[in-house]
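Residue strings, one per chain:
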Amino acid sequence: MGFGRSLCTLAITGSLLVGVAAGCSSDDDEAAADTPLGRALTEQLLEGAAVNTEQEARCVAGTTVDELGEDRLAELGVTAQDVSGMGEADFTTDEVDTLVDAFFDCVDIRRVLATNLAGDAGDEAAACLSQNLPDAALRDIVRSFNFAGQELPAESEQALRDVAATCGVPVD
């Protein structure tokens, strides 16, 4: 599975998800972003290279806190004092789905991944990737790059390799 993990620059340092927000999806999400845990998650996201704005980070953080709850996150070792274990937490499959959905609701994932995957290949390659990466593969990429125990399925890795080759993006 070398391709997936070699692209770990898409993951936010030791934590959460991987840049244009739709904004928080509810008042509850917005309120959750203002909690100490929501603020800590927002700060962690802003330290990474994938979110472009505080609004994006607040949306992901708020949705995470609102949907999973502070008690469940604390059970997993994620607290306002230490959010560094978010990416290594032992989430259930449903919780990972919830987090991936939250990310897709808050961030233009297609653009973020395409830009990061294209790297030095440039804007044209990024546009090609953005237009051609299958939705299912995008979800699998987010899942596998950001959550412990989540492997990139072979078919998604192959789809990613095929599109990268078509777009002139070198792979390992």
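Here's what I pulled together on the structure shown here. No experiment lies behind these values; they were computed from the predicted model shown. (Residues numbered from 1 in each chain as written. Predicted model: local features only at pLDDT ≥ 70, side-chain atom pairs only at ≥ 80, totals over all residues. Heavy atoms only, no water.)

### Section: the side chain of Thr42
The cut-off we apply is this: Elements are defined by DSSP. Helices are runs of H or I of four residues or more, strands are runs of E of two residues or more, and each kind is numbered from the N terminus. We call a residue buried when its accessible area falls under 20% of the maximum for its residue type, exposed when it is over 50%, and partly exposed in between, using a 1.4 Å probe and counting protein chains only. Should any heavy atoms of two residues lie within 4.5 Å, those residues are counted as being in contact.
Here Thr42 is to be found in helix α3 (residues 36-47). A relative accessible area of 4% means that Thr42 is categorised as buried. If we skip the residues at most four places from it in the chain, Thr42 touches Glu54, Ala57, Arg58 and Ala61.

### Quick notes on the pattern of salt bridges
Any two side chains of opposite charge can pair, so long as their charged atoms come close to each other. Inclusion rule: The working definition used for a salt bridge is a side-chain nitrogen of Lys or Arg within 4 Å of a carboxyl oxygen of Asp or Glu.
Considering all chains together, one arrives at seven salt bridges under this definition. A salt bridge links Asp34 to Arg58, with the shortest nitrogen-to-oxygen separation between them at 2.9 Å. Of the two residues, Asp34 is situated in the loop between α2 (27-33) and α3 and Arg58 in helix α4 (residues 54-68); the sequence distance between them amounts to 24 residues. Judged by relative accessible area, which is 16%, Arg58 ranks as buried. Across the salt bridge formed by Arg72 and Glu95, the nearest N and O atoms sit 2.6 Å from each other. With Arg72 in helix α5 (residues 70-75) and Glu95 in helix α6 (residues 93-106), this residue pair connects regions lying 23 residues apart in the sequence. Look at Glu95 and you get buried, because its relative accessible area is 11%. Connected via shared salt-bridge partners are Arg72, Glu75 and Glu95.

### Some words on the packing of aromatic side chains
For the record, the criterion: Any two rings among Phe, Tyr and Trp, with Trp reduced to its six-membered ring, count as a pair given centres within 6.5 Å; such a pair is stacked if its planes are under 30 degrees apart, edge-to-face if over 60, and tilted if neither. Note on criteria: charge over ring means Lys NZ or Arg CZ within 6 Å of the ring centre, with the direction from the centre no more than 35 degrees off the ring normal.
Counted by the stated rule, this structure contains zero aromatic pairs. Between Arg139 and the ring centre of Phe104, over which it is positioned, the NZ or CZ distance is 4.8 Å.

### Let's talk about the nonpolar core
Stated formally: Here the nonpolar core consists of buried residues drawn from Ala, Val, Leu, Ile, Met, Phe, Trp, Tyr and Cys, with membership extended through side-chain atoms lying within 4.5 Å.
Core analysis: the biggest nonpolar cluster contains 47 residues, and Leu41, Leu73, Phe91 and Leu129 have the highest contact counts within it. Of all the secondary-structure elements, those providing two or more residues to this core are α3, α4, α6, α7 (109-118), α8 (123-132), α9 (135-146) and α10 (154-166). The contacts of Phe91, once residues within four sequence positions are left out, are Leu68, Arg72, Leu73, Leu76, Met86, Val96, Leu99 and Phe147.

### A short note on the state of the cysteines
Basically, it comes down to this: We call a pair of cysteine sulfur atoms a disulfide whenever their separation is within 2.5 Å.
The final tally for this structure, using the stated rule, is two disulfides. Paired through a disulfide, Cys59 and Cys106 show a sulfur-sulfur distance of 2.1 Å. In this structure, the disulfide formed by Cys59 and Cys106 twists by about -65 degrees around the S-S bond and is classed as left-handed. With Cys59 in helix α4 and Cys106 in helix α6, the pair connects residues that are 47 residues apart, well separated along the chain. Through a disulfide, Cys128 is tied to Cys167; the S-S separation comes to 2.0 Å. Across the disulfide from Cys128 to Cys167, rotation about the S-S bond amounts to roughly -75 degrees, and the bridge is consequently left-handed. Of this pair, Cys128 sits in helix α8 while Cys167 sits in the segment after α10, and the two are 39 residues apart along the sequence.

### A short note on α4
Applied cut-off: One less than the number of residues in a helix, times 1.5 Å, gives the span that helix is expected to have.
Here α4 is 15 residues long and its end C-alpha atoms lie 21 Å apart, about the 21 Å a rise of 1.5 Å per residue gives. Where burial is concerned, most of α4 is hidden: eleven out of the 15 residues are buried. All of the buried residues in α4 are Glu56, Ala57, Arg58, Cys59, Val60, Ala61, Gly62, Thr63, Thr64, Val65 and Leu68. Gly69, located one to two residues past α4, shows a positive phi value of around 90 degrees.

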